[in-house]
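# Observations on the three-dimensional arrangement
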Amino acid sequence: MAVDAAYLMQFVDETSFYNRIVLCHLLPSNLWDPLPHFLQTWLRNYLAGTLLYFVSGFLWCFYIYYLKLNVYLPKDAIPTRKAMLLQIYVAMKAMPWYTLLPTVSEYMIESGWTKCYSRVGEVSWILYFVSIATYLVLVEFGIYWMHRELHDIKPLYKYLHATHHIYNKQNTLSPFAGLAFHPLDGILQAVPHVVALFIVPIHFTTHLGLLFMEAIWTANIHDCIHGNIWPVMGAGYHTIHHTTYKHNYGHYTIWMDWMFGSLRDPLLEEVDNNNDSSKKAE
């Protein structure tokens, strides 16, 4: 069914509003105002994504490596400055491509191709929260299998995902590793966010917020600190993923790994390591 053009303009007006908020504060108007709407949206996503990456990464590193030194991590587990600079370099090379995906998804939304709706008041609050929950389940399922196939399909691992897995020890992982991917790898793992738009009715701004929350979440799960909050797939689980390569492919929760037999608990891992150490001592 065709969507009314006046209704679709609500999406265009909203993205234009976000473009102005970001670009007006970061660039002179003569640099971005003449650009077509699509390029303005991409530039806004690129600048906002880059800013979010650096702000969240620096604040998190300052907190765990300086303010809480030796509280969460021993000094020898803190990554070197060289390792973090390499992660930033990889992430910055990929950022223009990462931010192309939300730009394309916004174009599809503005064109009426998805099930997005413009205003929360168009649905009941119950439907709003049910749709978010359904959306997140689909995203969780999609990211789990995309991530797992990036490991299981050898060419995909060799040419794409191995770029991220050079960080395979506690003292090489940092919040800046969260977006240190081959560009195509990062896009593939974010694609479930876009696919879900065609399946579940979701509020437009909520979708954008969830997509950009990825940057904060990926920073968090690469800090090697186990939060132990069930059923969250926190950094303790993800550190195991970076050291074994075959466990804990999930994103926000442990449910997919539990259902598909790839879950490994960091607390049990710690017990096993202690037992192994005791046997060696004997």
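In this text, all values refer to a predicted model and were calculated from it rather than measured experimentally. (Residues numbered from 1 in each chain as written. Predicted model: local features only at pLDDT ≥ 70, side-chain atom pairs only at ≥ 80, totals over all residues. Heavy atoms only, no water.)

As a further point, take the overall build of the chain. Each helix and strand counted, the chain has 12 helices and zero strands in total. Listed N to C, the secondary structure of the chain is α-α-α-α-α-α-α-α-α-α-α-α in terms of helices and strands. In terms of overall dimensions, the chain is globule-like: its C-alpha atoms have a radius of gyration of 20 Å, near the 19 Å expected for 282 residues. C-alpha atoms of the chain, sized along the principal axes, occupy 75 × 40 × 40 Å. Within the chain, the fraction of its 282 residues that count as buried is 46%. Counting only contacts in the chain whose residues sit at least 6 apart along the sequence, the fraction spanning at least 24 positions is 71%. Split by element, the accessible area of the chain, about 14800 Å² in all, is 68% carbon and sulfur. (Helix = DSSP H or I, 4+ residues; strand = E, 2+ residues; numbered from the N terminus. Rg over C-alpha atoms; globule rule 2.2 N^0.38 Å. Buried < 20%, exposed > 50% of the residue type's maximum accessible area, 1.4 Å probe, protein only. Contact = heavy atoms within 4.5 Å. Areas by Shrake-Rupley, 256 points an atom, 1.4 Å probe, with all protein chains shown as cover.)

Under the defined criterion, the tally for this structure stands at three salt bridges. Put simply, Arg119 and Glu14 hold a salt bridge, and the shortest N to O gap is 3.3 Å. Highlighted residues: Arg119 in the loop between helix 5 (100-110) and helix 6 (125-152) and Glu14 in helix 1 (residues 5-26), separated in sequence by 105 residues. Residue class for Glu14 comes out buried when judged on its relative accessible area of 12%. Arg148 is the salt-bridge partner of Asp152, the closest N and O atoms lying 3.7 Å from each other. On the criterion of helical spacing, the pair formed by Asp152 and Arg148 is a turn pair, its members being four residues apart in helix 6. (Salt bridge = Lys/Arg side-chain N within 4 Å of Asp/Glu carboxyl O.)

Membership of the largest hydrophobic core comes to 24 residues, with the highest contact counts inside it found for Tyr53, Tyr65, Leu73, Tyr98, Tyr167, Phe176 and Leu179. Elements with a minimum of two residues in this core: helix 3 (37-67) and helix 4 (81-98). Excluding residues that lie within four positions of it along the chain, Phe176 makes contacts with Tyr53, Phe54, Gly57, Phe58, Cys61, Met84, Gln87 and Ile88. The next biggest cluster of nonpolar side chains, apart from the first, holds 23 residues, and it includes Leu8, Phe11, Tyr135 and Ile143. (Core = buried A, V, L, I, M, F, W, Y, C linked by side-chain atoms within 4.5 Å.)

The tally for this structure, following the rule as stated, stands at 24 aromatic pairs. Judged by centre distance (6.0 Å) and plane angle (20°), the rings of Phe54 and Phe58 are stacked. In this pair, Phe54 and Phe58 are both assigned in helix 3, four residues apart and thus about one turn of the helix distant. Through successive ring pairs, a cluster of aromatic residues spans Phe141, Tyr144, Trp145, Tyr249 and Phe260. (Phe/Tyr/Trp six-rings, centres within 6.5 Å; stacked < 30°, edge-to-face > 60°.)

Per the UniProt annotation, the sites labelled "transmembrane region" (unreviewed entry) are residues 46-66 and 125-146. In residues 46-66, helix accounts for 100% and strand for 0%; the two terminal C-alpha atoms are 29 Å from one another. Structurally, residues 125-146 comprises 100% helix and 0% strand, and the distance from its first C-alpha atom to its last is 31 Å. (UniProt positions renumbered as here; feature names shortened; annotations may be inferred.)

Now for the state of the cysteines. Working definition of a disulfide: a covalent bond connecting the sulfur atoms of two cysteines. Per the counting criterion, the structure on display carries zero disulfides. No disulfide involves Cys224; its sulfur sits 11 Å from the nearest other cysteine sulfur, which is in Cys61. Assessed through its relative accessible area of 10%, Cys224 is described here as buried. (Disulfide = S-S within 2.5 Å.)

Put simply, helix 3 and helix 9 (residues 204-220) touch, their axes get as near as 10 Å, and they point 25° apart. On the basis of their axis angle, the class for helix 3 and helix 9 is roughly parallel. Crossing hand, helix 3 versus helix 9: right-handed. Mapping the contact onto sequence places Asn45, Ala48, Gly49, Leu52, Ser56 and Trp60 in helix 3 and Phe212, Ala215, Ile216, Ala219 and Asn220 in helix 9. Split by residue class, the contact of helix 3 with helix 9 holds seven nonpolar, four polar and no charged. (Axes fitted to C-alpha atoms, helices over the stretch in contact; angles between N-to-C directions. Parallel < 35°, antiparallel > 145°, perpendicular 65-115°, else oblique. Left-handed = near helix turned anticlockwise from the far one by under 90°. Nonpolar A, V, L, I, M, F, W, Y, C, P; charged D, E, K, R; others polar.)

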